[in-house]
Amino acid sequence: MSTENLPQSPEQQLRKPRVAVVFGGRSSEHGISVVTAGAVLRAIDRTKYDVLPIGITADGRWALTADEPDRMAITDRRTPNVEELAESDEGGVVLSVDPGSREVVYSEPGSVPKALGEVDVVFPMLHGPYGEDGTLQGLLELSGVPYVGSGVLASAVGQDKEYMKRVFVSFGLPVGPYEVIRPREWANDPAAARKKIVDFAGEHGWPLFIKPARGGSSMGITKVDDLAGLDDAIAEAQRHDPKILVESLLRGREIECGVLEFEDGPRASVPAEIPPVTSHDFYDFEAKYIDSAAGLVPAPLTDEQTAEVQRLAVAAFDAASCEGLVRADFFLTEDGEFVINEINTMPGFTPISMYPRMWQESGVAYTELVDRLIQAALTRSTGLR
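Summarised in this report is the structure supplied together with it. This one's a predicted model, so the numbers in the text were calculated from it and none came from an experiment.

What follows is about the nonpolar core. In this structure, Val21, Phe23, Ile44, Phe123, Met125, Phe349 and Val370 are the most contacted members of the largest nonpolar core, which totals 35 residues. Of all the elements in the fold, those that place two or more residues in this core are strand S1 (18-24), helix H2 (30-43), helix H3 (82-85), strand S7 (121-125), strand S12 (252-262), helix H12 (354-361) and helix H13 (366-378). Membership of the second largest hydrophobic core comes to 25 residues, among which are Val157, Leu301, Ala313 and Ala316.

Encoded structure:
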């Protein structure tokens, strides 16, 4: 049901829009979500919006948290967590699932629940399963609360790399070789499942990348050079997701491109390049977030290459029915062709992350980027659209 035409009280018409920034979550990307939310909290214009920070603990409790962005940064190579920020060890936040109400309620054991007022829009700074994958988006659709970013379908497609690739192929977008091993295959015949990977290596060559099918932030990914490292790599991927993806090495340059939805439709940013990371085997979690591997913005591409990767980024955005924002990641192969690796419907969003940096270079500063996303969500109804 759409909430677009719900009547507003005089108080609602006079007050500033209220933004709930939701972060943390149950996935292995919990810490990075907290860091990202801290950056967004710093950037939101408090003269235009009221802000309600809500953290989701690693075990799934929705907690009222302090509005203290300085406590939400990486310190001594350690990411923060919601438990450290929660105002109570037991209190919980509940969002009404009545689409006629956007009320948020806070309760603690033995106490009378306290109404925290209505929320006009949610900025979901969640990465990975149980937040970026359509689950939170579904809850917000039931609640009738607008939110930043893609809807249920696009979020789910963007999280599951198997179905993402299947969608891209169906739309004629270039995708590299891959194989999927499902949980039932391991349970029924692990030897046959392992042979499937070995046969894939025989066809496409080593090294391989073994990764969780529904993960992000490069967590759980291992580059495997031969059979000796295969079993450990499989175990590491399955630690994050029982379904794993196997990809062959594509030799070439790593190129990224941001997509942002404007009033007249999605537009692509200038692209960026991730140069080879000499201190790491590949662009993994440590290189991205701990050691701050620098990307080149804009990427040193020809005008024709820039136009092509921008076209493909917008095409990927449209193919998956995305909304709001996307970061599209590509390989520019040695033969000069772009191959899409994946999209991220809620990319890393600190000011030094690649998505905001690409838009900064394209003329959209970080604070404006945050404001654009909130304004777009406020004007978009929930429900079928």
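Once that is clear, we can look at the side chain of Glu273. Here Glu273 lies in strand S14 (residues 272-274). One polar contact links Glu273 to Arg253, side chain to side chain, over a distance of 2.8 Å. Among residues more than four places away in sequence, those in contact with Glu273 are Arg253, Glu254, Ile255, Gly295, Leu296, Ala299 and Pro300.

The next thing to look at is the packing of H2 against H13. In the contact formed by H2 and H13, the axes pass within 9 Å of each other and the chain directions differ by 95°. When the interaxial angle is binned, H2 and H13 end up roughly perpendicular. Between H2 and H13, the residues in contact are Ala39, Val40 and Ala43 and Tyr366, Thr367 and Val370, respectively. Its residues placed into classes, the contact of H2 with H13 shows five nonpolar, one polar and no charged.

A separate point is the environment of Glu29. In this fold, Glu29 is placed in the loop between S1 and H2. Looking at Glu29, the relative accessible area reads 3%, which means it is buried. Taking the C-alpha atoms as reference points, Glu29 and Gly128, separated by 99 residues in sequence, lie 6.3 Å from one another.

On to the packing of aromatic side chains. By the definition in use, this model includes five aromatic pairs. Seen from their ring centres, Phe330 and Phe338 are 6.2 Å apart, and the 80° between their planes marks the pair as edge-to-face. Grouping residues by exposure puts Phe330 and Phe338 together as buried. Taken together, the aromatic side chains of Phe123, Phe349, Tyr355 and Tyr366 make up a single cluster linked through ring pairs. Taking the ring centre of Tyr130 as reference, the NZ or CZ of Arg26 above it sits at 4.0 Å. Sitting over the ring of Tyr163, Arg166 keeps its end group 6.0 Å from the ring centre.

What follows covers the sheet that holds strand S6 (residues 114-118). Read from one edge to the other, the open sheet built from three strands follows the order S4-S5-S6, with strand pairing classed as antiparallel. Of all the strands in the sheet, the pair left with one neighbour each is strand S4 (92-95) and S6. Here the average twist between neighbouring strands, direction ignored, is 25°. Taken together, the four bridges between S4 and strand S5 (residues 103-107) define a ladder with antiparallel strand orientation. From the neighbouring strand, Gly92 faces S5, where its bridge partner is Ser107.

Conventions and cut-offs
Residues numbered from 1 in each chain as written. Predicted model: local features only at pLDDT ≥ 70, side-chain atom pairs only at ≥ 80, totals over all residues. Heavy atoms only, no water. Core = buried A, V, L, I, M, F, W, Y, C linked by side-chain atoms within 4.5 Å. Buried < 20%, exposed > 50% of the residue type's maximum accessible area, 1.4 Å probe, protein only. Helix = DSSP H or I, 4+ residues; strand = E, 2+ residues; numbered from the N terminus. Polar contact = N/O pair within 3.5 Å; in protein donor to acceptor, adjacent residues only side chain to side chain. Contact = heavy atoms within 4.5 Å. Axes fitted to C-alpha atoms, helices over the stretch in contact; angles between N-to-C directions. Parallel < 35°, antiparallel > 145°, perpendicular 65-115°, else oblique. Nonpolar A, V, L, I, M, F, W, Y, C, P; charged D, E, K, R; others polar. Phe/Tyr/Trp six-rings, centres within 6.5 Å; stacked < 30°, edge-to-face > 60°. Lys NZ or Arg CZ within 6 Å of the ring centre and 35° of its normal. Pairing = 2+ DSSP bridges.

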